Amino acid sequence: FVIIKCAPGHGSSCCGCFVEMLMKKLHLFVFRSYAGPLVMTFFIAMFILVMQFLWRYVDDLVGKGLEWTVLVELLFYASLQVVPMALPLAILLAALMTFGNLGENYELTALKAAGVSLPRIMKPLVILTVVISGLAYAFSNNVLPVANLKLVSILHGIRETRLELDIKERVFYQGVDDFSIKVEEKDQESNLLREVMIYDHRDRLAANSNVTMADSGRLQVSADKKHLMLTLFDGITYDERISPEMNAKRSRQQRKDNSMYRVDRFAEQVAIMQLQGFDFSKTDENLFRGGDRMKNLSQLTHDLDSIRTERNVYVSSLEERSSATHFNRVPLVRERRLNAVDSAEVINADSVFYSLEANRRLLVAQNAIRAARDHKQLIDDQMRFIEREDVRVRRHLMEMHRKFTLSFACLIFFFIGAPLGAIIRKGGLGMPVVISIFFFIVYYVIDTMGVKFAKDGVWLVYQGMWLSSAVLLPVGIFLTYKSATDSALLNADVYYAALRKFRERYLRK
């Protein structure tokens, strides 16, 4: 017990100052206990998600001879892209660990016995989470679109980069444009190629007319990866030239009789071949700026208005053309309709049709079927354009909502993790990790399902994008209420006692 004796003349104000000082110490202690696990779990989650990213694109990265600067830039933008997934998971796990440690060490019990409620203990962390949520929105709106644009540009450039030269023995290598290279043996130590055969396909009139064979050779790529230098030793070149006039003739014997042959023998020859696509270069970012994930909120709003205007143009065009086609009538019906207007007679389409001769009725029916088919084809063509614009509208709306769902997910996961940690009273990386992964998988599955429904137009966009938050928000409120009221929600002894009473009351009868 601590007895506080106020100095004469101070009264209750001195006690209030002392309590305020204690609360500041308490809040600082809770903040420090939470900051360390938050930073640690955030970088652990980012590392795992980045490794998943690399595993996904490993086939595009291996064998391209990329410089380390390109890989570092790729990993940097990939790390920025996975922040929306890593941050909520880190907040959930850090809150579980922090309050689990406080509960396991009976510090929460001591604080509650001293009259400090759980909401008051959570107050500094709630403020911190609100700040993090605001920063998460700013990140999603300003940083993430740029990171997505840079990442897509680098990945597209990597995909367009060809694999490094890997000429295998006894197999024609066709990785160099207009050339086929084959070697019988490769000496790995001296980098010497034996029994080299090269087909030159640059002559489109006779693709296999130029063949070079050499006893040995050495292969070397220029520093800028734009030229392949092949030094050949003791070889011979066979060259057959065919004129365009002779090649146009159908007779194979005539082409053979009018061909020109040339044979060159050499002791050493350097062949220079131009390489394309072996050096990495970023794709122009302007090609991807129109994507919905590369825009901030203001750009999405502006482009969404333009897309809706364009969609309305398609709809109006469809309505006008459909009306013109639908009210188009054969001359006989149009003539009788005009006469009916003059005589105030009501025209019955069936009576007009059956008043015609049999061959004329057949002609009218065929024309009606043809017009209906043309009208259906017109509607289908226009609907494809309208559906394309609908998809663009939904994707832009989804991206607008996604910029807010990240911030809200941070708040929800905190109000799930903090009270749940106070209830289970287990710290460390054991039980909190299991529970965090469970809740995160539930959130991810529900979010993926909602995004799929919103993208396909099954649900409204806001329904699909906020589905996961709507499901987990009541869970967070329920856990916070149970923790604030000291509920034994996950205490196994309580359930064992209830089961024992049930047995004594019902089963013994």
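A. Examining the overall build of the chain more closely. What the chain contains, in helices and strands, is 16 helices and 5 strands. Per-residue burial over the chain gives 36% buried out of 509 residues. A separation threshold of at least 6 residues defines the contact pool for the chain, and within that pool the share at least 24 residues apart is 70%. Put simply, the chain shows about 31400 Å² of open surface, and 59% of that area lies on carbon and sulfur atoms.

B. How the structure looks around helix α15 (residues 467–484). If you check α15, its first and last C-alpha atoms are 27 Å apart, about what 18 residues at 1.5 Å a residue would give, namely 26 Å. If you follow the buried residues of α15, they end up packed against α5 (107–113), α6 (118–160), α12 (358–424), α13 (431–456) and α14 (461–465). Backbone geometry just after α15 places Asp486 at a positive phi near 55 degrees.

C. Focus on the environment of Ala90. Among the structural elements, Ala90 can be located in helix α4 (residues 83–104). For the pair Ala90 and Ser436, spaced 346 residues apart in sequence, the C-alpha separation works out to 8.9 Å.

D. Representation of the side chain of Lys295 in the model. With respect to the element layout, Lys295 can be found in the loop between β5 (260–274) and α9 (297–326). Looking at Lys295, its side chain comes within polar contact range of the main-chain oxygen of Gly290, at 3.3 Å. Side chain to side chain, Lys295 and His396 meet in a polar contact 3.0 Å long. Here Lys295 is in contact with Pro145, Arg289, Gly290, Leu300, Asp303, His396 and Lys403, once residues within four sequence places are set aside.

E. Structural context of the nonpolar core. Core analysis: the biggest nonpolar cluster contains 67 residues, and Tyr34, Leu74, Ile91, Phe99 and Phe414 have the highest contact counts within it. Not counting residues within four places of it along the chain, the set of residues in contact with Phe414 comprises Tyr34, Ile91, Ala95, Met122, Leu125, Val126, Thr129 and Pro419.

F. Region of interest: the pattern of salt bridges. Tallied over the entire structure, the rule returns 18 salt bridges. Between Arg170 and Glu184 there is a salt bridge, and its shortest N-O distance comes to 3.6 Å. One end of the pair, Arg170, is in the loop between α6 and β1 (179–187); the other, Glu184, is in strand β1, and 14 residues separate them in sequence. You can call Arg170 exposed: its relative accessible area is 55%. By relative accessible area, Glu184 is classed as partly exposed at 25%. For Asp456, the salt bridge identified is with Lys452, shortest N-O distance 3.3 Å. One end of the pair, Asp456, and the other, Lys452, are both in helix α13, 4 residues apart, so they sit about a helical turn from each other.

G. Examining the packing of aromatic side chains more closely. This structure, assessed with the given rule, holds 12 aromatic pairs. Aromatic pair Phe76 and Tyr77: ring centres 5.3 Å apart, planes at 65 degrees, arrangement edge-to-face. Members of the aromatic cluster, joined through ring pairs, are Tyr34, Phe414 and Phe415.

H. Just a negative patch on the surface, in detail. A surface patch of negative charge is lined by Glu185, Glu195, Asp215 and Asp234. For Asp234, the position within the fold is in strand β4 (residues 227–241). Take Asp234: its relative accessible area is 51%, and that puts it in the exposed class.

I. Looking closely at helix α3 (residues 68–81). The terminal C-alpha atoms of α3, which comprises 14 residues, lie 20 Å apart, in line with the 20 Å expected from a rise of 1.5 Å per residue. Those residues of α3 not exposed but buried are Val70, Leu74, Tyr77, Ala78, Ser79 and Leu80.

J. Region of the structure containing the confidence of the model for the chain. Of all residues in the chain, 81% have pLDDT values of 70 or greater, and the mean over the chain is 80. When the elements of the chain are averaged for pLDDT, helix α10 (residues 331–343) gives the smallest value, 49, and α14 the largest, 92. Every residue in residues 1–7 is under pLDDT 50, and counting partners more than four places away or in other chains gives 5 contacts.

K. View of the pairing of β1. Across 8 bridges, the pairing between β1 and strand β2 (residues 192–200) is antiparallel. Considered in β2, the bridge of Ser180 is made with Tyr199. Between the antiparallel neighbours β1 and β2 lie 4 residues, among them Asn191 with a positive phi of about 60 degrees.

L. How the structure looks around unusual backbone geometry. Its identity is not glycine, yet Tyr106 carries a phi of approximately 60 degrees, on the positive side. Position of Tyr106 relative to the elements: it lies in the loop between α4 and α5.

M. The arrangement of a nonpolar patch on the surface in detail. Together, Met40, Ile44, Phe47, Ile48, Met51 and Leu429 make up a nonpolar patch on the protein surface, roughly 570 Å² of accessible area in all. Structurally, Ile48 is set in helix α1 (residues 12–56). Residue Ile48 is classed as exposed on the basis of its relative accessible area, which comes to 51%.

About the thresholds
Residues numbered from 1 in each chain as written. Predicted model: local features only at pLDDT ≥ 70, side-chain atom pairs only at ≥ 80, totals over all residues. Heavy atoms only, no water. Helix = DSSP H or I, 4+ residues; strand = E, 2+ residues; numbered from the N terminus. Buried < 20%, exposed > 50% of the residue type's maximum accessible area, 1.4 Å probe, protein only. Contact = heavy atoms within 4.5 Å. Areas by Shrake-Rupley, 256 points an atom, 1.4 Å probe, with all protein chains shown as cover. Expected span 1.5 Å × (residues − 1). Polar contact = N/O pair within 3.5 Å; in protein donor to acceptor, adjacent residues only side chain to side chain. Core = buried A, V, L, I, M, F, W, Y, C linked by side-chain atoms within 4.5 Å. Salt bridge = Lys/Arg side-chain N within 4 Å of Asp/Glu carboxyl O. Phe/Tyr/Trp six-rings, centres within 6.5 Å; stacked < 30°, edge-to-face > 60°. Patch = residues over 30% accessible without salt bridge, like charges linked within 9 Å, V, L, I, M, F, W, Y side chains within 5 Å. Lys, Arg positive; Asp, Glu negative; His and termini not counted. Charge placed at Lys NZ, Arg CZ, Asp CG, Glu CD. pLDDT = per-residue confidence, 0-100. Pairing = 2+ DSSP bridges.

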